[in-house]
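Descriptive analysis of the structure
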Amino acid sequence: MRDNDSSGTSARRRRKFDDDDPTFVKRSTPSSEPVWDLVEEETGWSSWSAPGVQHGPAPFPDWVITEHAAKDTDRGVLKTGKEADVHLVERGVPGTDRRVLLAAKRYRAAEHRLFHRDSGYLEGRRVRESRVTRAMAGRTAFGREAIAGQWANAEFGALAQLWELGVCVPYPVQLLGTELMLQFIGDDDGTAAPRLAQTRPDLDLLADLWWQLVDALRVLARAGVAHGDLSPYNTLVHDGRLVIIDLPQIVDVVINPKGADFLARDVANMAKWFTGKGFPVDPEPLIVELLHDAGMRV
């Protein structure tokens, strides 16, 4: 698994896609032009040491660049979504061969985003100030900003927790405001790993990917959480590994009144895809097992 993401000069040069729309798919073959020739927009010194930044779990992976001399260069848009855009960022130390590609997930400003998922997922989440909770419930301008912060913080916290538990997720490098810097899953030339939905694995790989998924779901359940929006469109396949992405809506299975439903839907969505590809799966026994692992009565 690499630590990087892809992009290009403009929307015309490289295809964008939306996480939530299956008709928008990620580019599956490398561009004929080198990624590094496409965009040269230096954004300045690395934000690693910016005031208020949160870092991912320690010890940091060897590839994480922490040097104060590092600079960030935006290589363009990797994908667009209803809630956030993802950019490819190269972080490197000038005068050295130290560089890494990162995926910068930037949640949109209140007037430009559509949090179509927030009504059910936010049940059971609380913030310290009651006025913030009321504003979020009323969807005031301030409340919408608070919701955006919750999405970014929830995804950062979920990725950090699951990374430490050994689940195959992108390493969360840092969080600054509503910008989340993630490990890029893809190749050194900026070609992003395909979504599971884009792949055509043979039966052996299909079986292996299913059992990788089951192992990951068991870890999540034992931690008391469910992905909440799991599908073949927010899982990646890279070097034979199934990587789970897009976790801002992670659900506490016990606290959220619909937690069990979200968990069951996650399993059913994935089982349907694997069955359709020639690896028959009955989701019900796994759902019962996972609910039991999460400490729920079934």
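The following paragraphs examine the structure supplied in this document.

1. Quick look at the packing of helix α4 (residues 203-222) against helix α6 (residues 283-293)
Two elements in contact, α4 and α6, have axes separated by 7 Å at closest approach and are oriented at 30°. By the angle between their axes, α4 is roughly parallel relative to α6. In this structure, the crossing between α4 and α6 has a hand that is right-handed. Contact with α4, carried on its side by Trp210, Val214, Leu217, Arg218, Ala221 and Arg222, involves Leu286, Glu289, Leu290 and Asp293 of α6 and no other residues of that element.

2. Thoughts on the packing of helix α5 (residues 259-276) against α6
Packing of α5 against α6 leaves a shortest axis separation of 10 Å and a crossing angle of 145°. Every pair of crossing elements has a handedness; the one defined by α5 and α6 is right-handed. Contacts between α5 and α6 involve Ala260, Leu263, Ala264, Val267, Ala268 and Ala271 from the first element and Pro283, Leu286, Ile287, Leu290 and Leu291 from the second. Across the contact of α5 with α6, the residue classes break down as 11 nonpolar, no polar and no charged.

3. Digging into the nonpolar core
Ranked by internal contacts, the top residues of the largest apolar core, which has 53 residues, are Leu196, Trp210, Leu213, Leu247, Leu263 and Phe274. Residues in contact with leucine 263, not counting those within four places in the same chain, are Ala226, Val253, Ile287, Leu290 and Leu291. Within the second largest apolar cluster, 13 residues are counted, among which are Trp48, Ile65, Ala70 and Val173.

4. Examining the side chain of serine 46
Here serine 46 lies in the loop between β1 (41-45) and β2 (54-55). A polar side-chain atom of serine 46 sits 3.2 Å from a polar atom in the side chain of arginine 91. Once residues within four sequence positions are removed from consideration, serine 46 is found in contact with Ala70, Lys71, Asp72 and Arg91.

5. Examining the pairing of strand β3 (residues 71-80)
With respect to burial, β3 is a largely interior element, 8 of its 10 residues being buried. Strand direction decides the pairing type here: β3 and strand β4 (residues 84-92), joined by 8 bridges, are antiparallel. When the sheet's bridge partners are listed, aspartate 74 is paired in β4 with valine 89. Here β3 hands over to β4 after 3 residues, the two strands then running antiparallel side by side.

6. Comments concerning the pattern of salt bridges
Counting across every chain of the model gives 10 salt bridges. Across the salt bridge formed by arginine 106 and aspartate 74, the nearest N and O atoms sit 3.0 Å from each other. In this pair, arginine 106 sits in strand β5 (residues 99-107) while aspartate 74 sits in strand β3, placing the two residues 32 residues apart along the sequence. Judged by relative accessible area, arginine 106 falls into the partly exposed class, the value being 25%. Of the charged contacts in the structure, one is a salt bridge between aspartate 293 and arginine 222, with a shortest N-O distance of 3.6 Å. One end of the pair, aspartate 293, is in helix α6; the other, arginine 222, is in helix α4, and 71 residues separate them in sequence. On the basis of relative accessible area, arginine 222 is assigned to the exposed category, the value being 57%. In this structure, a network of salt bridges that share partners links the residues Asp74, Arg106 and Glu179.

7. Observations regarding the pairing of β5
For a regular strand, the rule is simple: side chains alternate between the two faces of the sheet. Along β5, 7 of the 9 residues are buried, which leaves the element largely enclosed by surrounding structure. Bridge analysis of β4 against β5 gives 9 bridges, and the strand direction is antiparallel. The partner of aspartate 85 across the bridge, within β5, is arginine 106. If you look at the hairpin formed by β4 and β5, you'll find 6 residues sitting between the two strands, and glycine 95 has a positive phi there, around 85°. Alignment of β5 against strand β7 (residues 179-183), held across 5 bridges, turns out to be antiparallel. By the bridge assignment for β7, leucine 102 is matched with glutamine 183.

Calculation notes
Throughout this document, residue positions are counted from 1 along each chain, in the order its sequence is written. Where local features are concerned, this predicted model is filtered to residues with pLDDT of at least 70; where side-chain atom pairs are given and counted, the filter is 80 or more; whole-chain, interface and lining totals use all residues. Here the side-chain values reflect all heavy atoms present in the structure, with hydrogen atoms and water set aside. Angular values range over 0 to 180 degrees, each being the angle between N-to-C directions of two axes fitted as lines to C-alpha atoms, with helices fitted over their stretch in contact. Helix numbering and strand numbering both begin at the N terminus, where a helix is a DSSP run of H or I of at least 4 residues and a strand a DSSP run of E of at least 2. For this classification, under 35 degrees means roughly parallel, over 145 means roughly antiparallel, 65 to 115 means roughly perpendicular, and everything else is oblique. Each crossing is labelled by how the near helix is turned from the far one, with a counterclockwise turn of less than a right angle marking it left-handed and a clockwise turn marking it right-handed. The contact criterion used is simple: two residues touch if any of their non-hydrogen atoms lie within 4.5 Å. Polar here means any residue outside two lists: the nonpolar Ala, Val, Leu, Ile, Met, Phe, Trp, Tyr, Cys and Pro, and the charged Asp, Glu, Lys and Arg; Gly therefore counts as polar. Residues enter a nonpolar core if they are buried and are Ala, Val, Leu, Ile, Met, Phe, Trp, Tyr or Cys, with the set joined through side-chain atoms within 4.5 Å. A simple rule labels every residue: compare its accessible area, found with a 1.4 Å probe on the protein chains alone, to the largest value its type can have, and call it buried under 20%, exposed over 50%, or partly exposed in between. Any N or O atom pair separated by 3.5 Å or less is treated as a polar contact, with the protein-specific requirement of one donor-capable and one acceptor-capable atom, and with residues adjacent in sequence counted only for side-chain atom pairs. Pairing between strands is defined by DSSP: at least two bridges between the two strands are required. The salt bridge definition used is simple: a Lys or Arg side-chain nitrogen within 4 Å of an Asp or Glu carboxyl oxygen.

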